[in-house]
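Breakdown of the fold
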Amino acid sequence: MHKSRRAVVLPVGVTVGALVAGGLLAISGAAQADTASDASEKRQEALLAAADEYHVPPAVLLALSHQQSAWDGHGGLPSTDGGYGPMNLTDVTPAMLAGGGAGAAGRADVETLAADPALHTLRKAAELTGLSVRDLREDDAANIRGGAALLASYERELVGATPTDPGEWYGAVARYSQAKQEKAAASFADRVFRTMRAGASATTQDGQRLRLAASPSVTPDRRQIDALHLEKASTAAAAECPTTVDCTFLAGSPVGGQVADRPTNGIRIDTIVIHDLESTYDAGVAGLANPTNPASTHYVMSSSGAVTQMVPTKDIAFHAGNYSTNLHSIGIEHEGFAAHGAAWYTESQYQATADLVRYLAGRFGVPLDRQHVIGHDNVAGPNSALVAGMHWDPGYAWDWNHFMSLLGAPVSGLPEVPQPGQVVAITPSFTDNVQTFQVCPSDDPTGQTPTCTERQQQANFVYLRTAPDETAPLFGDQAIHGTAAGTDRVNDWGSTAQAGQQFVVAEVREDWTAVWFSGAKVWFHNPDGTNTRIRYGVKIIKPAGSAPVALYGSSYPDKAEYPTGLGASTQAPLSMYSIPVGQAYVATRDASPTDDYFPSGGAVVIGGKKMYTVQYNHRVALVYANGVTATTATHHWENGGV
């Protein structure tokens, strides 16, 4: 998830104590123990020390912690499932279920629900270690010791010892997930062991540097799962998921979507939309299953990587706030909160979602790029009145660079200073790209932000300014601010360009790059091209005539193209937007026919015109193909602009 830094770990099956006893603490290479003593490697040291203390193979503990928290301590804040610290030790209270995202206020059984031992692994760790509950919540080293003690206790119960072979810890790792279903527990353990075999490295939000050396020879004993006597999911067969994902099916609200037969009926599926729930997993699934809920989604992903499918992929889910997008997309919701995403979009979520997206893309021919795998915050507003209120999830903290790498589709290339007329992809390093923004109470449904607060967090965007100067005003999106400047409010998507989005370069001045964006020339800091990569082979869209080109939020046929008896959908240009003559934008996909769908009879209406989807600002918008020219970006640029 993060950049690799100087830090090494022990080979599997070797403890710190064994190295010290043998005088081998300073051996070099990938098998070297972590010997650094500076503050940035204290968490690595704590993991190795805890592994030694509780006789856990270091690779097992490191891989487990990586899956639970990406090795982050999260400042003592609980995760969306009530877990604390690098080991995600849970301590869920009735108040957590009654208030906040769970929405269980007023339920007579809230005390019973909160009493489940699986929700209190932190308390069990306190018993095993003698450490205080407070220390286990707030002190990372104590939390790691508690997780190691808990895992070792599971291993002793399972096999009667703490063997040095990491493969013999599969059952204990599966139990650590606290999953009640066998497939969920096995999926979690498989992800931990995949991490062990592949290795991992990270620099956490608080500057800790960790590395797990790859151990491709580790072979887990999957037969141990039988000894846990877990439930077998009876609904898994109904779900459309890859075998690597723990997946069950629960029908979503019948009024939150439409039965269809995509893509057999001619409705293409060309987009996958990433969301967050702004709630916990259980509360989100329950809410979306409410038969009166007017919204739905195809999949809901938990922080542990388990997924509930709620709408068959052939059907239309009302998830994106735009019918045209819904018509052609699959939605994936994630347990979490956009204002806290950097802390609790977990590695398990990233990896399980990547497996699911690859599976869906393969089935439906969706290209694996940021033009077809988008966030809810990138979806077009369907009409002028609705643009400003469109959702901003998954927000600043969804690590698009990491996620696209997991999909096998990273934005490649070396940094270089772009030239006017070239197309660039926005590529800030999530690890190093720390931005300042303001979070207010209305942005944070967890209740953890009682007053508007400035934060500095790793982010997936660059700020856009009206001039090449860090003191220049932020660009203000017309739908949100009119002609006023933008803000650094966390939900103000209008002043940001996000990782993977593509724009045409308008001008370059020293360390600043300008692109055409939302009908204006906007600037971002880009020394030596650090925050961009040049793209070739993409379509550049310009006005075909001498007048600005209108933009739309939907893609419906003309009224005359609807058969008699079917009510025609209508659309009008987005009043605040246009493409002025002299500007250019990148098409995110080839021009596609306008279309519409009528579920009562299954009728699909295909129009005679085509529309391009373009990356207009932070969001996409649509233009009629007959009003623009489309050229392909090559290795030669138009000197002086477009």
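First, a word on scope: everything that follows refers to the structure included in this document.

The number of helices and strands found in the protein is 16 helices and 29 strands. With 642 residues in all, the protein has 56% of them scored as buried. Counting only contacts in the protein whose residues sit at least 6 apart along the sequence, the fraction spanning at least 24 positions is 70%. Surface summary for the protein: the accessible area is close to 24000 Å², and the carbon and sulfur share equals 53%.

If you want to describe how two helices pack, look at the angle between their axes and the distance between the axes. Where helix α3 (residues 58-69) meets helix α10 (residues 182-198), the axes come as close as 9 Å, and the angle between the chain directions of the two elements is 120°. The interaxial crossing formed by α3 with α10 has right-handed handedness. On α10, the residues that touch Ala59, Val60, Ala63, Leu64, His66, Gln67 and Gln68 of α3 are Phe188, Arg191, Val192, Thr195 and Met196. Across the contact of α3 with α10, the residue classes break down as 7 nonpolar, 4 polar and 1 charged.

Arginine 262 connects to proline 263 through a cis peptide bond whose omega is -10°. Mapped onto the fold, proline 263 is located in the loop between β6 (257-258) and β7 (271-274). The peptide bond linking aspartate 393 to proline 394 adopts the cis configuration, its omega dihedral lying at 0°. One can find proline 394 in the loop between β12 (373-375) and α15 (400-406). Non-glycine residue asparagine 88 carries a positive phi angle of around 50°. Structurally, asparagine 88 is set in the loop between β1 (83-84) and β2 (89-90). We classify asparagine 88 as buried; its relative accessible area is 9%.

The subject of this paragraph is the pattern of salt bridges. This model, assessed by the stated rule, comprises 24 salt bridges. For the salt bridge of aspartate 315 with lysine 314, the shortest nitrogen-to-oxygen distance reads 2.8 Å. Using a relative accessible area of 32% as the deciding quantity, one classes lysine 314 as partly exposed. Taking the shortest distance from any N to any O, the salt bridge between glutamate 507 and lysine 521 comes out at 2.7 Å. Taken together, the positions of glutamate 507 in strand β18 (residues 502-509) and lysine 521 in strand β20 (residues 520-525) put the pair 14 residues apart, joining distant regions of the chain. Judged by its relative accessible area of 33%, lysine 521 falls in the partly exposed class.

Turning our attention to the sheet that holds strand β9 (residues 307-309). Reading across the sheet, the 6 strands line up as β5-β9-β8-β11-β7-β12 and stay open at both edges, with mixed pairing between neighbours. Two strands close off the open sheet at either side, each with one partner strand: β5 (247-249) and β12. Adjacent strand axes in the sheet meet at a mean angle of 25°, parallel and antiparallel pairs treated alike. Its contacts with the sheet put helix α14 (residues 347-364) on β7, β8 (299-301), β9, β11 (329-334) and β12, and the angle it makes with β11 is roughly 170°.

This part covers helix α2 (residues 42-53). Within an α-helix, residues lying three or four positions from one another point in the same direction, as the helix has 3.6 residues per turn. Between its first and last C-alpha atoms α2 spans 16 Å; for 12 residues at 1.5 Å apiece the expected length is 16 Å, and the two agree. Among all positions in α2, only Arg43, Gln44, Ala46, Leu47, Leu48, Ala50 and Ala51 are buried. Positive backbone phi, at 60°, marks histidine 55, one or two positions downstream of α2.

Take the layout of surface pockets next. For the second largest pocket, the calculated volume is near 490 Å³. Asp276, Leu277, Glu333, His376 and His391 are the residues nearest the centre of the second largest pocket, which is lined by 27 residues in total. With 4 residues, helix α11 (residues 281-289) is the single largest residue contributor to the lining of the second largest pocket. Per-class residue counts for the lining of the second largest pocket are 11 nonpolar, 11 polar and 5 charged.

With that settled, consider the environment of alanine 388. Here alanine 388 is to be found in the loop between β12 and α15. Alanine 388 gets classed as partly exposed once you look at its relative accessible area, which sits at 39%. When the C-alpha atoms of alanine 388 and tryptophan 493 are compared, they prove to be 9.6 Å apart, with 105 residues separating the residues in sequence. With near-sequence residues (within four places) excluded, alanine 388 lies in contact with Ala479, Ile480 and Trp493.

What counts and what doesn't
- Residues numbered from 1 in each chain as written.
- Predicted model: local features only at pLDDT ≥ 70, side-chain atom pairs only at ≥ 80, totals over all residues.
- Heavy atoms only, no water.
- Helix = DSSP H or I, 4+ residues; strand = E, 2+ residues; numbered from the N terminus.
- Buried < 20%, exposed > 50% of the residue type's maximum accessible area, 1.4 Å probe, protein only.
- Contact = heavy atoms within 4.5 Å.
- Areas by Shrake-Rupley, 256 points an atom, 1.4 Å probe, with all protein chains shown as cover.
- Axes fitted to C-alpha atoms, helices over the stretch in contact; angles between N-to-C directions.
- Left-handed = near helix turned anticlockwise from the far one by under 90°.
- Nonpolar A, V, L, I, M, F, W, Y, C, P; charged D, E, K, R; others polar.
- Salt bridge = Lys/Arg side-chain N within 4 Å of Asp/Glu carboxyl O.
- Pairing = 2+ DSSP bridges.
- Expected span 1.5 Å × (residues − 1).
- 1 Å grid on protein atoms, 1.4 Å probe; cavity = no way out; pocket = protein on both sides within 12 Å on 5 of 7 lines; lining within 4 Å.
- Points joined across faces, edges and corners; volume = space filled by probe spheres on them.

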